[in-house]
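# Structural description and commentary
What follows is each chain in one-letter form.
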Amino acid sequence: MYKSLVSGINTLVPLFNGIKVPYINFDNAATTPAFSSVLYGINNFSPYYSSVHRGTGYKSVVSSHFYDNARNIVLDFIKADPNNYTAIFVKNTTEAINKLSFRLMDEIKNGIVLSTHMEHHSNDLPWRYRYNVDYVEVNTKGRLSLNHLEHLLKKNQGKVKLVAVTGASNVTGYINPIHKIAKLAHKYGSKILVDGAQLIPHHSVDIKAVNDLAHIDYIVFSGHKMYAPFGTGVLIAPKNIFESGFSDHIGGGTVDLVTSDDVIWAPPPEKEEAGTPNLFGVVALIESIQTLKKLGMEKVVEYERRLTRYTLEKMKTIPNIILYDDEDIENKVSIISFNIDGLYHGTVATALSLEGGIGVRNGCFCAQPYVQKLLHISKEDIEKYKENRDMLRPGTVRISYGLYNDFKEINIMIELLKQIGNNIDYYHNKYRNPPFYSK
Ligand SMILES: Cc1ncc(COP(=O)(O)O)c(C=O)c1O
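Below is a summary of the structure that appears in this document. Quantities reported herein were computed from a predicted structural model and do not represent experimental measurements. (Residues numbered from 1 in each chain as written. Predicted model: local features only at pLDDT ≥ 70, side-chain atom pairs only at ≥ 80, totals over all residues.)

### Notes on the overall build of the chain
- Within the chain, the secondary structure is distributed over 14 helices and 17 strands.
- Here the C-alpha atoms of the chain give a radius of gyration of 23 Å, agreeing with the 22 Å that 2.2 N^0.38 yields for 439 residues.
- Across its three principal axes, the chain shows a C-alpha extent of roughly 70 × 55 × 40 Å.
- Within the chain, counting contacts between residues at least 6 apart in sequence, those at least 24 apart form 73% of the total. (Helix = DSSP H or I, 4+ residues; strand = E, 2+ residues; numbered from the N terminus. Rg over C-alpha atoms; globule rule 2.2 N^0.38 Å. Contact = placed C-beta atoms within 7 Å.)

So this is what it looks like as structure tokens:
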């Protein structure tokens, strides 16, 4: 339905037998292809491309104006009030969270950060190594336990300064009830950060007014997961948190006045963006937002949900399939994790690539604690993996859709998975040493 919107759709890739077929990209949770409108936008802007905030020439003025105005477009996309919030451009979600974890040093100090057992490492490690962190549990199906969250908030009343939670899991696609979580966090005096890397490209988000208990304090996301490559991510945060102190990166662009013995910092957001900004990254992001808005996020959600529902129904008929996240499709983005009993996840992923030209990801998807929980890996087994780091580790195969994927592509994958599920020994022997396993 939306196939023509993205670039690279007809790329041919070689199979094991040397025949070339059109690539099927089911790895959009890692990175999406670019919207054609994004590439067109970059091309269109290039005659005016120049320095941002560093020149008086016409092109520089146009570039600076575009860049400054882009913040409002991004804020508007998630309904953030520009009087309270600012959008800071960074490299990606990971950089945004690292920046925030540095900037909240005074606010959190010896307090507690609540992360969860379903986070991507990027929303766990920056907190874990700076602060006292506790983790909200997930149930056996991998859903976040709101009861446990409330228990931890109550138990540590007054001490929890931040709840850092993903908007949607990059392993199961489960969407967290971010506004319910926000209400709970605020009720107990905490703030909330939503990792929007998997949510923003697939769902509309309204972060709500700050006087609403359900509002989101901080949200972060990456352009490259929403059809906008060129290396831009966003940190959206209340302006006032940047008023005191200074940024994790300092230098050109972050200051108002510098003498040989004094510095007066620029106001946010400039204070937080050291060095020449990535203008093309921002051009790409804005084009992508405009395209998504034109399509309508509700339509995108509905279409991707149809893809997911169809896939899960078909997958249930595949011999030896193990599904981890086949319930509650209404509260899920288009990500499916599975295994084929008796086959290593890397073998299945390699067979999909070399027999069908289908790109998926396998392993633990930078969310190792979550996958360990989902697969019920015992503490003893985890110890064994620590001792012998060359051992093949458990994981899953992940399919993740973008709005341009279609039912024909899904049918090709389902037929291949049926063959794999029916011929486990054959595929085990053929691909027992896959070339690449990701963690
Ligand atoms: C939920 C989630 N958070 C954070 C990240 C990190 O994003 P990036 O690599 O763009 O920094 C990812 C990437 O897969 C993710 O899925």
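### Description of helix α7 (residues 178–187)
- Along α7, the residues that are buried comprise Ile178, Ile181, Ala182, Leu184 and Ala185. The buried residues of α7 occupy one face: seen down the axis, they fall within an arc of 165°. In α7, the exposed positions that point more than 90 degrees away from the buried face belong to Lys180 and Lys187.
- For α7, the elements touching its buried residues are α6 (146–155), β7 (160–166) and β8 (191–195). (Buried ≥ 20, exposed ≤ 12 C-beta atoms within 10 Å, placed from the backbone. Arc of directions from axis to C-beta.)

### Remarks on the nonpolar core
- Val163, Ile181, Ile192, Ile219, Val234, Leu235 and Ile236 are the most contacted members of the largest nonpolar core, which totals 113 residues.
- Among the elements that make up this core, the one with the highest residue count is helix α8 (residues 279–295) (8 residues).
- Two domains each put at least three residues into this core: domain 1 (3–30 + 296–430) and domain 2 (38–293). (Core = buried A, V, L, I, M, F, W, Y, C linked by C-beta atoms within 7 Å. Domains from an automatic or database assignment.)

### Topic: the sheet that holds strand β9 (residues 218–222)
- Reading across the sheet, the 7 strands line up as β4-β10-β9-β8-β7-β5-β6 and stay open at both edges, with mixed pairing between neighbours. Looking at the sheet topology across the chains shown, the edges are occupied by β4 (85–90) and β6 (132–136). Across the sheet, the mean angle separating the axes of adjacent strands is 20° when strand polarity is ignored.
- Here 6 bridges tie β4 to strand β10 (residues 233–238), and the two strands are oriented antiparallel to one another. (Pairing = 2+ DSSP bridges. Axes fitted to C-alpha atoms, helices over the stretch in contact; angles between N-to-C directions.)

### Notes on the environment of proline 319
- With respect to the element layout, proline 319 can be found in the loop between α9 (297–315) and β13 (321–323).
- According to the C-beta neighbour criterion, proline 319 is partly exposed, with 14 such atoms within 10 Å.
- In the structure, proline 319 is positioned 126 residues away from leucine 193 in sequence and 41 Å away in space, judged by C-alpha atoms.
- In this view, proline 319 contacts Gly421 and Asn422; residues no more than four positions away in its chain are not counted.

### Topic: the environment of isoleucine 410
- Mapped onto the secondary structure, isoleucine 410 falls in helix α13 (residues 407–422).
- Looking at isoleucine 410, the number of C-beta atoms within 10 Å reads 20, which means it is buried.
- With 25 residues separating them in the primary sequence, isoleucine 410 and tyrosine 385 have C-alpha atoms 34 Å apart.
- Residue contacts for isoleucine 410: discarding those within four places in its chain leaves Leu307, Tyr310 and Thr311.

### Regarding the pairing of strand β11 (residues 255–259)
- Burial within β11 is sparse, with just 0 of its 5 residues counted as buried.
- Taken together, the 4 bridges between β11 and strand β12 (residues 262–265) define a ladder with antiparallel strand orientation. From the neighbouring strand, threonine 259 faces β12, where its bridge partner is aspartate 262.
- Counted along the chain from β11 to the antiparallel partner β12, the turn is 2 residues long.

### Observations regarding the sheet that holds strand β17 (residues 396–400)
- An order of β13-β14-β17-β16 is seen for the 4 strands of this open sheet, with the pairing classed as antiparallel. Among the strands making up the open sheet, the edge pair consists of β13 and β16 (361–363). Strand-to-strand twist of the sheet, defined as the mean angle between neighbouring strand axes without regard to direction, takes the value 30°.
- Across 4 bridges, the pairing between strand β14 (residues 335–340) and β17 is antiparallel. Looking at the pairing, isoleucine 336 lines up with isoleucine 399 of β17.
- Packed onto the sheet, helix α10 (residues 345–356) meets β14, β16 and β17 and runs at close to 170° relative to β16.

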